[in-house]
Amino acid sequence: MSNRFEGQVVIITGGSGGIGKQTALQFLQEGAKVTIVDINEESLTSAREELSRQGEVLAVQADVSDEADVENYIRATVEKFGKVDVLFNNAGIIGKVGSLVDQEYDNFKAVTGVNMNGVFLGLKHAIKQMIKQGTPGSIINTGSVDSFRGSPEQSAYSATKHAVVGLTKTAAVEAAGHNIRVNSIHPAPVDTPMMAHVEESRDKKNSASVREKFTSGIPLNRYADSSDIADLVLFLASDDSKFVTGSQYSIDGGMMA
């Protein structure tokens, strides 16, 4: 295992979920110090205990749609580790699955709050801190294959993932003069509890058939593993991608091809 991130400080929102925790693990294994951020205190504590065996981990409970909470996870990281080098803006929710005309506005606002406002606030305060430090930085936002297409019965989710693209491009242009890079990743279904929730929401009696249908649309004929996603995040966070910014990386097994 390399030490690409020796001395680097990484923040991961949605840090106790499948993708977030795996990405934290891989950053730690490559020498980084990591702050994991999540709203679920129980899963956050469990993730911190597990990850602490690999290196220095700070856990901060936060609602990423609340600006004071976002400012706090940035501040806590700086107080603990002295700086912020990388933000993996990863927290996201699916919300209730159902047709647009049947969607409750409260559900739409909840999904927007996490998936769009949370990304905006993370960008705002991480970039502000990186500029203050005067150091290079990298931010990776989590989009979806649904950033590029309509997604039946997931109007709120699709809308917010489209928004991630606009936020990524705008932030990349604004931050480039400070040597801060901003990119987004766009996974196909990933083998996580969130995807299991989608499957069950589509067909509670036969969620396996939903998984089979999704898988059949992926040329590589499988869901992504969390480690597949983490590998791409680490590439975009590292100097291996030092001339890459404002880009959208599909990681979908050929699904959008």
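Here, the structure is the one placed above.
Model, not experiment: these values are computed from the prediction.

Draft legend 1. Geometry of the overall build of the protein chain. Per the secondary structure count, the protein chain includes eight helices and seven strands. For the protein chain, whose C-alpha radius of gyration is 17 Å, the value lies close to the compact-globule estimate of 18 Å for 257 residues. Along the first, second and third principal axes, the C-alpha atoms of the protein chain reach 50 × 35 × 35 Å. Expressed as a percentage of the 257 residues in the protein chain, the buried residues total 49%. Of the contacts made within the protein chain by residues no fewer than 6 positions apart, 69% connect residues no fewer than 24 positions apart. Of note, the protein chain has its 24 positive side-chain charges centred 3 Å away from the centre of its 32 negative side-chain charges.

Draft legend 2. Region of interest: the side chain of Asn115. Structurally, the position occupied by Asn115 is in helix α4 (residues 105–133). In contact with Asn115, not counting residues within four places along its chain, are Ala91, Gly92, Ile93, Tyr157, Thr160, Lys161 and Val164.

Draft legend 3. Spotlight on helix α2 (residues 41–51). Listed as buried for α2 are Leu44, Ala47 and Leu51. The buried side chains of α2 occupy one side of the element, clustering within an arc of 65 degrees when seen end-on. Seen from the buried face of α2, the exposed residues on the opposite side, beyond 90 degrees, are Glu41 and Glu42.

Draft legend 4. Focus on the packing of helix α1 (residues 18–29) against α2. Two elements in contact, α1 and α2, have axes whose closest approach is 11 Å; the angle formed by their N-to-C orientations is 25 degrees. Between α1 and α2, the angle falls in the class roughly parallel. Between α1 and α2 lies a crossing whose hand is right-handed. Across the interface between the two elements, Lys21, Ala24, Leu25 and Leu28 of α1 pack against Ala47, Glu50 and Leu51 of α2. Across the contact of α1 with α2, the residue classes break down as five nonpolar, no polar and two charged.

Draft legend 5. Layout of the environment of Asp252. In this structure, Asp252 sits in the segment after β7 (248–251). For the pair formed by Asp252 and Arg202, sequence separation is 50 residues and the distance between their alpha carbons is 21 Å. Filtering out sequence-adjacent residues up to four positions away, Asp252 remains in contact with Val145, His186, Ala188 and Ile218. Looking at Asp252, its side chain comes within polar contact range of the main-chain nitrogen of Met256, at 3.1 Å.

Draft legend 6. The pattern of salt bridges, seen in detail. The tally for this structure, following the rule as stated, stands at twelve salt bridges. The closest approach of N and O atoms between Lys124 and Glu67, which form a salt bridge, is 2.8 Å. Of the two residues, Lys124 sits in helix α4 while Glu67 sits in helix α3 (residues 67–81), which places them 57 residues apart along the sequence. According to the relative accessible area criterion, Lys124 is partly exposed, its value standing at 34%. What emerges from the salt-bridge pattern is a single network uniting Arg4, Glu30 and Asp240.

Draft legend 7. The arrangement of the sheet that holds strand β5 (residues 137–142) in detail. Taken in spatial order, the seven strands of this open sheet run β3-β2-β1-β4-β5-β6-β7, and their pairing is parallel. On the outer flanks of this sheet lie β3 (57–61) and β7, each paired with one strand and no other. The sheet shows a mean angle of 20 degrees between the axes of neighbouring strands, taken without regard to direction. Running at roughly 160 degrees to strand β6 (residues 180–187), helix α5 (residues 155–175) makes contact with β5, β6 and β7 of the sheet.

Draft legend 8. View of the packing of aromatic side chains. Under the criterion given, the structure shown has two aromatic pairs. When the centroid spacing of 4.8 Å and the interplanar angle of 70 degrees are considered together, the rings of Phe5 and Phe27 count as edge-to-face. On the criterion of sequence distance, the pair formed by Phe5 in the segment before β1 (9–13) and Phe27 in helix α1 is long-range, its members being 22 residues apart. We classify Phe27 as buried; its relative accessible area is 0%. Seen from their ring centres, Phe235 and Tyr249 are 6.4 Å apart, and the 65 degrees between their planes marks the pair as edge-to-face. Placement of the pair is Phe235 in helix α8 (residues 226–237) and Tyr249 in strand β7, with a sequence separation of 14 residues. Against the face of Tyr223 rests Arg211, its NZ or CZ located 4.2 Å from the ring centre.

The rules behind each value
Residues numbered from 1 in each chain as written. Predicted model: local features only at pLDDT ≥ 70, side-chain atom pairs only at ≥ 80, totals over all residues. Heavy atoms only, no water. Helix = DSSP H or I, 4+ residues; strand = E, 2+ residues; numbered from the N terminus. Rg over C-alpha atoms; globule rule 2.2 N^0.38 Å. Buried < 20%, exposed > 50% of the residue type's maximum accessible area, 1.4 Å probe, protein only. Contact = heavy atoms within 4.5 Å. Lys, Arg positive; Asp, Glu negative; His and termini not counted. Charge placed at Lys NZ, Arg CZ, Asp CG, Glu CD. Arc of directions from axis to C-beta. Axes fitted to C-alpha atoms, helices over the stretch in contact; angles between N-to-C directions. Parallel < 35°, antiparallel > 145°, perpendicular 65-115°, else oblique. Left-handed = near helix turned anticlockwise from the far one by under 90°. Nonpolar A, V, L, I, M, F, W, Y, C, P; charged D, E, K, R; others polar. Polar contact = N/O pair within 3.5 Å; in protein donor to acceptor, adjacent residues only side chain to side chain. Salt bridge = Lys/Arg side-chain N within 4 Å of Asp/Glu carboxyl O. Pairing = 2+ DSSP bridges. Phe/Tyr/Trp six-rings, centres within 6.5 Å; stacked < 30°, edge-to-face > 60°. Lys NZ or Arg CZ within 6 Å of the ring centre and 35° of its normal.

The values are spatial; any link to function lies outside them.
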